[in-house]
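# Tertiary structure, described
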Amino acid sequence: MNRFATKLSKTTRLVKTAIQVLAMQCGRPLRILLVGVIVATLYFLSKDNPSQLISLAGLAVLVLISLLLSRHPRHINWNPVIWGLAIQFALGLFILRTKVGFYLFNFMGDFTKTFMGYVSAGCIFVFGDTYQDHFFAFAVLPVIIYFNSVVAVVYYLGIIQSLITKITWLMQHSIKTTAPESINAAGNIIVGFTEAFFLIGPYIKKMTKSEIMAIMCCGLATMAADIIGVYSMMGIDTVHLLAALVMSSPAALAIAKLLYPETEESHLADAKYLALPKSEERNVIEAATVGASQAIPAVLDIIANLIVFVALLALVNGVLAYTGGLMGFPELSIELIFSYLFMPIAYMMGIEWDDCGKVAELLGIKTFINEFVAYERLAELIKNRKAGTGATISVRSEVIATYALCGFDNFGSVGMQLGTLCSIVPDRKRDFSGLAVRALIGGTLACYVTACTAGLLYVSETASSPINTTMSSFSIL
């Protein structure tokens, strides 16, 4: 019996060795073929626009920076990194370079505008016909209340849970992320990072540090659909906002796994062991009412933050202007400092050189103040270009900036994350605080990676045509 077991063991080892050798022999030509496909794709993408290779170089630099900042570089699992970036690239290719993708997201953008437009009926009833005289307060912010109420109804009907489950399955079987990471990433796309934390609330105490890093990074690198509606009403292109929303999620997971690779064993790898919480409301009317009520603190928080941060910005600029005036440089301001500090990053994304200073200001404002103020400044630049007056930027720079700004990666959002996570699991406050800065860096890098991908794929012709001529020659879509 022992002799038979020994022979069986030897046979098993021989079979395993043979399979490994075969895999190595087959893997080499497969890798060569993959490299060839990538090179050919990049050639067709950039042969008529060599400047797009700047965005490709920027993407490589950002990945290298993430690798250099990695907490455990020797433990990096490249599967989620490669798949995350590949899925982001595939999504961008589909949206920006195919007729089907462009028209699909254009339809979704038009639908979003129409859907959000219905909030005007309630605004007119409450604030009167002249409510748009105070556009942001009485026209933009009510969108959040309206959308949150609709989401509560859809959640009560079980539609959101079903959608999140499908996105979770897709991420688990492609990027190979664990169940809480996948559910959280899917939730961020629909309901925002605060609500996404509560979706996995009972399981956060069991999560590894790498998993916590992933959910924090993903929350900072993405935006909820209701915020997308707000920026759409401000004049930002809805198609690119929606594209950034879905593209940044896999990129955030990839960057998170570079910055903090998994060194522990996850006990929540399979999604079948996790159940999404059900709605506690008894009917649709109650769900709509509760959803609207729950949005009020968020709206008040936005109002308070905007008042404070814009006022602080004015204060800092006043101090800088006074100090600069004493040295013969009264033009000194925080925007001017940002324009020089972030200019290399803006250029690396593919922003046209003449626009790098303006976009760099937006990047700095987004990180150190918030994305609301940054998008408001971007909306002004867009309006100036359409009106033909004042400071402005090109369409290409506008598009890349839209992707770069589409995230909650600022210090205020980090504080909100810490407050939410600590309220759910107070015992892990030390872990959350220890990962906060790294998560902010990860969320920022993920947004920049998305912008680089958009810079690589987007060409000016897309503004008037849904498909680039270099792709239409062989695209069947």
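Residues numbered from 1 in each chain as written. Predicted model: local features only at pLDDT ≥ 70, side-chain atom pairs only at ≥ 80, totals over all residues. Heavy atoms only, no water.

The next point concerns the overall build of the protein. Within the protein one finds 22 helices and 0 strands. Taken across its 477 residues, the protein has 48% of its residues classed as buried. Considering only contacts within the protein whose residues lie at least 6 apart along the sequence, 78% involve residues at least 24 apart. Summed over its atoms, the accessible surface of the protein is roughly 23100 Å², and 67% of this surface lies on carbon and sulfur atoms. (Helix = DSSP H or I, 4+ residues; strand = E, 2+ residues; numbered from the N terminus. Buried < 20%, exposed > 50% of the residue type's maximum accessible area, 1.4 Å probe, protein only. Contact = heavy atoms within 4.5 Å. Areas by Shrake-Rupley, 256 points an atom, 1.4 Å probe, with all protein chains shown as cover.)

A word on the confidence of the model for the protein. Fine structural detail should not be taken from predicted coordinates in areas where pLDDT scores are low. Per-residue pLDDT for the protein has a mean of 81; in total, 85% of the residues score no lower than 70. Segment residues 14–27: pLDDT under 50, and 0 contacts once partners within four positions in sequence are set aside and those in other chains are kept. (pLDDT = per-residue confidence, 0-100.)

So, about the packing of helix 14 (residues 284–326) against helix 15 (residues 334–341). For the pair helix 14 and helix 15, the least separation of the axes is 8 Å and the interaxial angle reads 90°. Between helix 14 and helix 15, the crossing angle belongs to the class labelled roughly perpendicular. Judged by residue contacts, Leu313, Val316, Asn317 and Leu320 of helix 14 engage Ile334, Glu335 and Ile337 from helix 15. Residues belonging to the contact of helix 14 with helix 15 are distributed by class as follows: 5 nonpolar, 1 polar and 1 charged. (Axes fitted to C-alpha atoms, helices over the stretch in contact; angles between N-to-C directions. Parallel < 35°, antiparallel > 145°, perpendicular 65-115°, else oblique. Nonpolar A, V, L, I, M, F, W, Y, C, P; charged D, E, K, R; others polar.)

For serine 339, the position within the fold is in helix 15. The class for serine 339 is buried, based on a relative accessible area of 6%. Only 2.5 Å separates the side chain of serine 339 from the backbone oxygen of leucine 336, close enough to count as a polar contact. (Polar contact = N/O pair within 3.5 Å; in protein donor to acceptor, adjacent residues only side chain to side chain.)

Before going further, it helps to spend a moment on the layout of surface pockets. Size it by volume and the largest pocket reaches roughly 1300 Å³. Forming the walls of the largest pocket are 42 residues, and the residues nearest its centre are Asn148, Val191, Thr194, Glu195 and Gln294. Within the residue set of the lining of the largest pocket, elements represented by two or more residues are helix 7 (142–156), helix 9 (179–191), helix 10 (193–199), helix 12 (225–234), helix 14, helix 18 (371–387) and helix 20 (411–424). It is helix 14 that contributes the most residues to the lining of the largest pocket, 11 residues altogether. Residue classes in the lining of the largest pocket are distributed as 24 nonpolar, 11 polar and 7 charged. If you add up the space inside the second largest pocket, you get close to 980 Å³. (1 Å grid on protein atoms, 1.4 Å probe; cavity = no way out; pocket = protein on both sides within 12 Å on 5 of 7 lines; lining within 4 Å. Points joined across faces, edges and corners; volume = space filled by probe spheres on them.)

Time to look at helix 8 (residues 159–174). The end-to-end C-alpha separation of helix 8 is 23 Å, in line with the 22 Å expected for 16 residues at 1.5 Å each. The complete set of buried residues in helix 8 reads Ile160, Gln161, Ile164, Thr168, Met171, Gln172 and Ser174. Of the surrounding secondary structure, the elements contacted by the buried residues of helix 8 are helix 3 (78–97), helix 7, helix 9, helix 10 and helix 13 (238–259). Positive phi shows up at lysine 176, right after helix 8, with a value of about 70°. (Expected span 1.5 Å × (residues − 1).)

Under the defined criterion, the tally for this structure stands at 12 aromatic pairs. Their ring planes at 85° and their centres at 6.2 Å tell us that phenylalanine 115 and phenylalanine 147 sit as a pair that is edge-to-face. Pair noted here: phenylalanine 115 is in helix 4 (residues 99–117) and phenylalanine 147 is in helix 7, with a separation of 32 residues, a long-range link. In terms of burial, phenylalanine 115 and phenylalanine 147 fall into one category: buried. (Phe/Tyr/Trp six-rings, centres within 6.5 Å; stacked < 30°, edge-to-face > 60°.)

The subject of this paragraph is the pattern of salt bridges. In the structure shown here, the tally under the stated rule is 7 salt bridges. Taking the shortest distance from any N to any O, the salt bridge between glutamate 286 and arginine 282 comes out at 3.1 Å. Glutamate 286 gets classed as partly exposed once you look at its relative accessible area, which sits at 24%. What makes arginine 282 exposed here is its relative accessible area of 69%. Salt bridges sharing partners connect three or more residues here, namely Lys209, Arg428 and Asp431. (Salt bridge = Lys/Arg side-chain N within 4 Å of Asp/Glu carboxyl O.)

Here we come to the environment of asparagine 49. With respect to the secondary-structure elements, asparagine 49 resides in the loop between helix 1 (2–46) and helix 2 (53–68). The class for asparagine 49 is partly exposed, based on a relative accessible area of 22%.

With 14 residues, helix 20 extends 20 Å from end C-alpha to end C-alpha; this agrees with the ideal 20 Å at 1.5 Å per step. Taken residue by residue, helix 20 has Ser413, Val414, Gln417, Leu418, Thr420, Leu421 and Cys422 as its buried positions. Along its buried surface, helix 20 packs onto helix 10, helix 11 (209–221) and helix 21 (429–457). Here helix 20 starts with a cap whose side-chain oxygen sits 3.2 Å from the backbone nitrogen of glycine 412, and that cap is asparagine 410.

What follows is about the side chain of lysine 257. Looking at where lysine 257 falls in the secondary structure, it is placed in helix 13. A polar contact is formed between the side chain of lysine 257 and the side chain of serine 210, at a distance of 2.9 Å. Not counting residues within four places of it along the chain, the set of residues in contact with lysine 257 comprises Ile76, Pro80, Val81, Glu181, Ser210, Glu211, Ala214 and Glu262.

Soluble globular proteins tend to pack their nonpolar side chains together in the buried interior. Counting 129 residues, the largest nonpolar core has Met216, Tyr231, Met349, Leu363, Tyr375, Leu378 and Tyr403 as its most contacted members. Residues in contact with methionine 216, not counting those within four places in the same chain, are Phe197, Gln417, Leu418, Leu421, Phe432, Leu435, Ala436 and Ala439. (Core = buried A, V, L, I, M, F, W, Y, C linked by side-chain atoms within 4.5 Å.)

Secondary-structure assignment places lysine 176 in the loop between helix 8 and helix 9. Counting along the chain gives 92 residues from lysine 176 to glycine 84, while the straight-line C-alpha distance between them is 9.3 Å.

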